[in-house]
Amino acid sequence: MSRRGCGVSEEEEPGWEVEPDDEWGVAVIATVGRQLRLRREAVGMRAADFARAVGYSEDMVYKVESGKRIPRPEYLDKADKVLDAGGLLAAMKEDVEKVRYPKKVRALAEREAKAVEIQLYDPLNIHGLLQTPEYARALLLMRRPAYSSEEVERFQSARMARKVIFERDPAPEISFVLEEWTLRRPFGGRKVLRQQLEHLLNAGQLRGVELQVMPMDREEHAGLAGGIEVLKFADGSAVGRSPAMANGRPVEEPRHLRILELRYGIIRAQALTPRESTTFIEHLLGAT
């Protein structure tokens, strides 16, 4: 019996849809699917029998093998064991890992992985790099028109995957400016907010990370034009982005970068210092 026959929904099946415009991703998943099918056929196992052996629907097996679905790591592990592939199928997890997240997210993660200094200001939410899984999920569930359950899971996983930036050695210098109101809004409930505030305090202790809070009572604020993101690289180049410039597209021109850095510098000067911000977050946590 398929998992769907047991009451398991499509969103709980082992994989995600491939983005049609992601040419490289489509090619990788097509290759992985073909290798899975060839191995299954080589051992003389029908798709229906393989589906039962790995615990997923026959329809899902065909989708994965035809390159229409991105298999999750556990799917490849089970396939490797059932088909006695000696680790060859499980080894494809590394290739799949590179394409399992949306194209735009991969491009962003690649830039972040190379940056030596990052300046981030988000006026609407706690920045994605600082979000707990629960907080990220709460935000994604609030999107209108609503994301599907599959999209929520995929975007949440992609957001969490970017956190590897904190594990780099040497670690990049990362500066965050957070709006006070984003630290007070209980997205997902009080428990989720408490966990998020605790996470911020821990993140602020990481080497190379500085958190600053912009209080709501400030009479002057240089961030009213929108969020700011500036990434600097070891070769001296940089890339920036803001909805107030070039329609939100990444910019590299020195004159644009100067404007973004000027705004960010003023925002930091208007915000609480890192030490004051830690005290402020601790106070909010105690009152939550």
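Note that this is a predicted model, so its numbers are computed, not measured.

### Regarding the overall build of the protein
(1) Moving on: Helix and strand counts for the protein come out as twelve helices and seven strands.
(2) Moving on: Expressed along its principal axes, the backbone C-alpha trace of the protein runs to roughly 70 × 45 × 35 Å.
(3) Moving on: Counting every position in the protein, which comprises 288 residues, the buried fraction comes to 44%.
(4) Moving on: Looking at the protein alone, contacts between residues at least 24 apart form 72% of all its contacts between residues at least 6 apart.
(5) Moving on: Carbon and sulfur atoms provide 51% of the accessible area of the protein, an area that totals close to 15000 Å².
(6) Moving on: Across the protein, the 45 positively charged side chains and the 46 negatively charged ones have centroids separated by 2 Å.

### Here's the deal with the pattern of salt bridges
Where side chains of opposite charge bring their charged atoms close, a pairing between them can arise.
(1) Moving on: This model, assessed by the stated rule, comprises 17 salt bridges.
(2) Moving on: Lys63 is the salt-bridge partner of Asp59, the closest N and O atoms lying 3.6 Å from each other. Residue Asp59 and its partner Lys63 are located together in helix α3 (residues 58-65), separated by four residues, close to a single helical turn.
(3) Moving on: Residue classification places Asp59 among the partly exposed positions, given a relative accessible area of 34%.
(4) Moving on: For Arg194, the salt bridge is made with Glu198, and the minimal N-O distance between the two is 3.7 Å. Pair noted here: Arg194 and Glu198 are both in helix α10 (residues 190-203), with a separation of four residues, about one helical turn.
(5) Moving on: The class for Glu198 is partly exposed, based on a relative accessible area of 35%.

### Observations concerning the nonpolar core
Buried together is how nonpolar side chains tend to be arranged in soluble globular proteins.
(1) Moving on: Core analysis: the biggest nonpolar cluster contains 32 residues, and Ile118, Leu130, Phe176, Leu183, Leu197, Leu200 and Ile281 have the highest contact counts within it.
(2) Moving on: Put simply, the parts of the chain that give this core at least two residues each are β3 (115-122), α7 (133-141), β4 (173-179), α10, β5 (209-214), β6 (228-233) and α12 (274-287).
(3) Moving on: Ranked by residues supplied to this core, first place goes to α10 with six residues.
(4) Moving on: If sequence neighbours within four positions are ignored, Leu130 has contacts with Lys163, Phe166, Phe176, Leu178, Gln196, His199, Leu200, Ala203 and Leu211.

### Quick notes on the sheet that holds β6
(1) Moving on: As summarised here, the arrangement of the five strands in space is β5-β4-β3-β6-β7, forming an open sheet in which the pairing is mixed. On the outer flanks of this sheet lie β5 and β7 (238-241), each paired with one strand and no other. Within the sheet, the average angular offset between the axes of one strand and its neighbour, ignoring direction, is 10 degrees.

### Looking at the pairing of β6
(1) Moving on: With five of six residues buried, β6 is to be regarded as a mostly interior element.
(2) Moving on: Sheet analysis places β3 next to β6, joined by six bridges and oriented antiparallel. Across the sheet, the residue bridging to Ala115 is Phe233, located in β6.
(3) Moving on: Bridging between β6 and β7 involves four bridges; their strand directions are antiparallel. Paired with Leu231 across the two strands is Val239, which belongs to β7.
(4) Moving on: Taking the residues between adjacent antiparallel strands as the criterion, β6 and β7 are bridged by four residues, where Gly236 takes a positive phi near 95 degrees.

### Side note on the pairing of β3
(1) Moving on: Inspection of the sheet shows β3 paired to β4 by six bridges, in the parallel sense. When the sheet's bridge partners are listed, Asp122 is paired in β4 with Leu178.

### Overview of α12
(1) Moving on: With 14 residues, α12 extends 20 Å from end C-alpha to end C-alpha; this agrees with the ideal 20 Å at 1.5 Å per step.
(2) Moving on: If you check which residues of α12 are buried, you get Ser277, Phe280, Ile281, Leu284 and Leu285. Projection of α12 onto a plane perpendicular to its axis shows the buried side chains occupying an angular sector of 140 degrees, all on one side. Structural note: α12 exposes Arg275, His283, Gly286 and Ala287 on the side pointing more than 90 degrees away from its buried face.

About the thresholds
- Residues numbered from 1 in each chain as written.
- Predicted model: local features only at pLDDT ≥ 70, side-chain atom pairs only at ≥ 80, totals over all residues.
- Heavy atoms only, no water.
- Helix = DSSP H or I, 4+ residues; strand = E, 2+ residues; numbered from the N terminus.
- Buried < 20%, exposed > 50% of the residue type's maximum accessible area, 1.4 Å probe, protein only.
- Contact = heavy atoms within 4.5 Å.
- Areas by Shrake-Rupley, 256 points an atom, 1.4 Å probe, with all protein chains shown as cover.
- Lys, Arg positive; Asp, Glu negative; His and termini not counted.
- Charge placed at Lys NZ, Arg CZ, Asp CG, Glu CD.
- Salt bridge = Lys/Arg side-chain N within 4 Å of Asp/Glu carboxyl O.
- Core = buried A, V, L, I, M, F, W, Y, C linked by side-chain atoms within 4.5 Å.
- Pairing = 2+ DSSP bridges.
- Axes fitted to C-alpha atoms, helices over the stretch in contact; angles between N-to-C directions.
- Expected span 1.5 Å × (residues − 1).
- Arc of directions from axis to C-beta.

Read these as geometric descriptors, not functional statements.
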